[in-house]
Structure formats: C-alpha cells, structure tokens
Amino acid sequence: MTTARIIGSLLGVVFTVLGVWGGQRLIEQRTPGLVWKTLTVLLLIAASAVGILVPVPPLPIVNESIRNLFFHVPMWFSMITVLLVSVWYSILYLRAPSTRLDVLAHESVKTGIVLGLLGLATGSMWARFTWGAWWTPDPRLNGAAVAMLIYGAYLVLRGSFRDEQQRARVSAIYNIFAFAAAIPLLFVLPRLSGPSLHPGQTGNPGFSQYDLDNTMRMVFYPAVIGWILFAFWLTQVSSRFAFLKLQHDEN
Amino acid sequence: MRPETELHPVPLLREISTLLAKDFRLEWRQRAALGGLLLYVGSTVFVCFLSFSLRGGTPPPPAWNALLWVILLFAAINAVAKGFMQESPGQRLYYYTLVRPQAIILAKMLYNALLLAVVALLGLFLYTVFLGNPIQDAPLFVANLLLGAVGFATTLTLVSGIAAKAGGNSATLMAVLGFPLMVPMLLLLIKVSKNALDGLDWSVSQSAVLTLVALNMIVAATSYVLFPFLWRG
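Throughout this document, residue positions are counted from 1 along each chain, in the order its sequence is written. Just so you know, chain letters begin at A and ligand numbers begin at 1, following the order they were written in. Restriction of local features to residues with pLDDT of at least 70 applies here, the model being predicted, together with a cutoff of 80 or more for giving and counting side-chain atom pairs; totals for whole chains, interfaces and linings are based on all residues.

Engineer: I keep staring at the overall build of chain B and nothing clicks. Help me out?
Structural biologist: In this text, helices come from DSSP runs of H or I with a minimum length of four residues, and strands from runs of E with a minimum of two, each type numbered from the N-terminal end. Counting its secondary structure elements, chain B contains nine helices and zero strands. When its helices and strands are written in sequence order, chain B yields α-α-α-α-α-α-α-α-α. Within these notes, the globule rule equals 2.2 Å times the number of residues to the 0.38 power, and the radius of gyration is based on C-alpha atoms. The C-alpha radius of gyration of chain B comes to 19 Å, within 12% of the 17 Å expected for a compact globule of 233 residues. Taken over the C-alpha atoms alone, chain B extends approximately 60 × 40 × 30 Å along its principal axes. Among the 233 residues that make up chain B, the fraction classed as buried is 39%. Neighbour counting defines burial: a residue surrounded by 20 or more other C-beta atoms within 10 Å of its own C-beta is buried, one with 12 or fewer is exposed, and intermediate counts give partly exposed, using backbone-placed C-beta atoms.

Engineer: When you look at the overall build of chain A in this model, what are you seeing that I'm missing?
Structural biologist: A count of helical and extended segments in chain A gives seven helices and zero strands. Each helix and strand of chain A, ordered N terminal to C terminal, gives the series α-α-α-α-α-α-α. Expected size for 251 residues packed as a compact globule is a radius of gyration near 18 Å; at 19 Å, chain A falls within 12% of this value. If one aligns the C-alpha atoms of chain A with their principal axes, the spans along those axes are about 60 × 40 × 40 Å. Burial status across chain A gives 39% buried among its 251 residues. We call two residues in contact if the C-beta atoms placed from their backbones are at most 7 Å apart. Counted over contacts in chain A with a minimum sequence separation of 6, partners at least 24 positions apart contribute 76%.

Engineer: Honestly, the interface of chain A and chain B in this entry has me stumped. Any pointers?
Structural biologist: The parts lose accessible area when they come together, and the size of an interface is often stated as this lost area. The interface of chain A with chain B comprises 24 residues on the first partner and 25 residues on the second. Going through the elements one at a time, helix 5 (139-159) and helix 6 (164-192) of chain A are the ones with two or more residues in the side of chain A that touches chain B. For the side of chain A that touches chain B, the leading source of residues is helix 6 of chain A, giving 15 residues.

Engineer: Please clarify how the environment of A:Y174 should be interpreted in this entry.
Structural biologist: By the element assignment, A:Y174 lies in helix 6. Placed 20 residues apart in sequence, A:Y174 and A:Y154 show a C-alpha to C-alpha distance of 7.2 Å. Residues contacting A:Y174, with those up to four places away along its chain left out, are A:Y154, A:L157, B:I162 and B:L177.

Engineer: Hey, could you run me through helix 6 (residues 101-131) of chain B in this one?
Structural biologist: Every α-helical turn comprises 3.6 residues, leaving residues that sit three or four positions apart pointing alike. Expected helix span is given by 1.5 Å per residue-to-residue step, counting one fewer step than there are residues. Here helix 6 of chain B is 31 residues long and its end C-alpha atoms lie 43 Å apart, about the 45 Å a rise of 1.5 Å per residue gives. Directly after helix 6 of chain B, the chain includes B:G132, whose backbone phi takes a positive value near 85 degrees.

Engineer: Any chance you could explain the environment of B:A175 here in plain terms?
Structural biologist: Residues and elements named next belong to chain B. You can see A175 is positioned in helix 8 (residues 170-197). Residue classification places A175 among the partly exposed positions, given that 17 C-beta atoms sit within 10 Å. As for A175 and S160, which are separated by 15 residues in sequence, their C-alpha atoms are 9.3 Å apart.

Engineer: What is the right way to read the packing of helix 4 (residues 99-130) of chain A against helix 5 of chain A from this model?
Structural biologist: Geometry of a packed helix pair, given as the angle between the helix axes and the separation of the axes. Residue and element names in this part refer to chain A. Fitted lines through C-alpha atoms serve as axes, helices being fitted only where they are in contact, and the angles separating the N-to-C directions of these axes extend from 0 to 180 degrees. Following both chains from N to C, one finds helix 4 and helix 5 inclined at 145 degrees, their axes separated by 10 Å at the closest point. Taken as a pair, helix 4 and helix 5 cross one another with a handedness that is left-handed. Contacts between helix 4 and helix 5 involve H106, V109, G112, I113, G116, G119 and L120 from the former and A144, A147, M148, Y151, Y154 and R158 from the latter. Grouping the constituent residues of the contact of helix 4 with helix 5 by class yields eight nonpolar, four polar and one charged. Helix crossings get a hand from a simple test, with the near helix turned counterclockwise from the far one by less than a right angle marking a left-handed crossing and a clockwise turn marking a right-handed one. For this classification, Asp, Glu, Lys and Arg are treated as charged, while Ala, Val, Leu, Ile, Met, Phe, Trp, Tyr, Cys and Pro are nonpolar and the rest, including Gly, are polar.

Put into structure tokens, the structure is as follows:
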C-alpha cells in the first residue's frame, strides 16, 4: 500500500513537471501544431461522449452524477497545471525580464481563471442536484473560492499600474507569492479540516482510487489530458493575440 | 560570490537590529499613528459592545470568536499598511544604498510582528473587558493569538510593499491583495481559537498549529527571496 502510494506521488510529480515543461513548449510553439490540436479535439469529444454513455458503478449518494468526474475534475487539474506554467513564467521573468514572458504569465493566469470558473460552475450544478444547494461552506469549495479571489486580485493589481515594467515585475512577484502562500494550503486544508461532503473525503463515495473502476479510469485519464491540452491551446491563442496587439501598438 | 555581500561588511543581524531600532524610534516620534491604531481597535471593540448590549449581554462564543478575529484582521491591515507607504521614494533610495534588501524585509516583518502582537494582546484585553471572557484554555488562546500576529505580519509585509509600489489607493489594494491570501491562515487560526474557547485537549489543535507554523515559515522564506526583486525597481 505504502509503496504504491510513493510510486503514485512520484508519478504525480513527474507528470506535473512534464506538464509544465511541455505546456511551455506548446504555448510558445510557432508552427500550427496540427497533431496535438487534433488530438485535443478528439480527446475532448470522445471523453465527453463516452463519459455520458458509459455504464458507471451505482454508488450511494452520487449514483449517475458520478459522471461529473469526467468534466469537473479534469478542469481543476488543467487549471492547476496552467497556473503552475504561469508561476514558472513569472520566475523566468524575474531572472531575465522581457515583455514576452510577462504576457505569457498573464495569459496563462487568464486561462487558469476561465478553467477555474468552469470548475466552479460544474461543481455548483452537481452540488445542486446531489446536495440540494448551489453552494455549501465546505473546505474544498472555500478553497476554490479563495483561489479565484487571489487571481482576481492579480488582475486588479495589474490594472493599477501605469508603468509597464513596474507592472510586469510587481505582478510577477505577487503571482509567485500568492501561489506559494495559498495554493498548497488549498490541498492541505481540506485534508486537515475533518468531515466534508465532497466526494473522496471522509468515507463519501466518489473519486478516490478504490472507487474508480477500470472503465471509468479509461475515460478519466484521457479527459484529463484533453482538458490540459485545451488549456495550453487557449493560452497559445490568447498570447498570440496579445503579441499581435503589442506589435500593432508599437507601429 | 555575490557583489552585494562585499559591499556590505556589516553582518545581516546588525543591519536588522539597526533597522528595527529605527522603526521603533520613528514610531515613538510619530505617536499619533500608534495612538490612532490603538484608538481604532478600542473604538471598534466599543462599537461591538454597544451593538451587542442592545440585544442584552455578551455574544455567544462562536460570534465572540469570529468578531475578535475580524477586528484583529482589520487592525492588522491598517497597522501594516503604513509601514512601507509612509516612506518617501527618496528615503527608500537612501536605505537601498546603505543596507541589503533582505535586512529591510526581515526587520520590517519583525517590527510588524511585534507591533501586531502588542495590538492583539491589547485588543484581547479590551475585548474581554467589554464583551466577556468565555475562554476556557487561556494559554493556548494567547499562544494562538501571538501566532496569528506573526502570521499576519509575515503575509502582509510583502503585500504592503507590493501595494506601496502601485501608489494611488494602496490601502484598498492592500485589502484586495491581502484578504484572499490570509483566508487559509484565518481559517486555521479561528479553528484553533475555537478549540481553546471550548477548552478542548491540545492534541486536537496540534496539526492545525503545526500547519500554521509551517505556513508562516513558507511565507517568510518566499518574502525573503522575492523582496530584493521588488526593491530593485
């Protein structure tokens, strides 16, 4: 059991590092990147279609609504990945300042916010049908709200500078500081704070490993990859647009 | 290795203690700011007392707890906000030529921690006088309060530096930037303080207290690394 857990966390770390490294490559790619974009479209369509049609194990409380696993959880995974990419861009910016890195960090954060809002929306709808309320004061939900507030504050901070270099440097500092101070806690706090209604917590059936039967895994992992690739694609498009606007303003 | 260390033959601790002494002296000379802060806490507590006395008597313990932390949170924002903002750009440039940025952030954090500890203890005293004292485990409660003061100081010091850079309405900006960062810390603090109010065994609060200490260390270390970049502008 413990060795399996250690291997699992090591795999998680490797997957995250690869995700950040690969994400940067994909976001800054200059070629059209037809292969991975086709793969993204196929994965998202397939995971959504199969996710709705595939038979799922009938578990108490969640029952058919467990299908939200194929939508809600991948969105949070891709949000965290793209925010990590953004932090990495901010670190690079502080080491060697350039407008390019600032734009990339900013656009990654914006993608992260979009995915976070999607995650909140899917979670909220699921909660309405499963718990009977749109929002409950659950540690997980509080954490998600705090993450959104932090990145909202990041946007407000960016808006309050006139000088571009100053804005880039200070917002990079806030981005790193906020990620280091709050995001790890959003993972730690729910585990510390005892009983929770959220699936996978304190005996509630849901997304923990032993509940995922093999068919669900076959849909869940492709969905995660698809949504992460989608986040990179979105960031690529929006940062290209931002670069074009910059060029246009200069000329 | 780094050119900065050769420029500064004075050890870091000496710089920190000098800066700390400077901050205390400045505070003592401008007593109006300190008096304003204490009056702020005092009048907030009094307003709470008045609003609860309408309903007759003291608030129930959970409300007592929540209100105390809200008062301390706002007092902390006000106390820390003036740290970097009252310094003029010329003053900053002068410090920059004299000391390492690491010394400045560490001294500021230490100073804010001491200031907030004093404010928190005084606030607690006034609060218990006016709104009653339902605390069952006073040592744990006070220790948690001091831990909270240190935590507020470490988080808000860098945030106040960031907000001061933006200029303009930096007090609002500081609240916007600081509050979400402090929510996880506040949740832990309020939980431990509720345990202390109910007189629960220390083992119940152990993991939360350890997380708080670890969080303080993470935040202080991140500020230490990031502040030189902020300072350079």
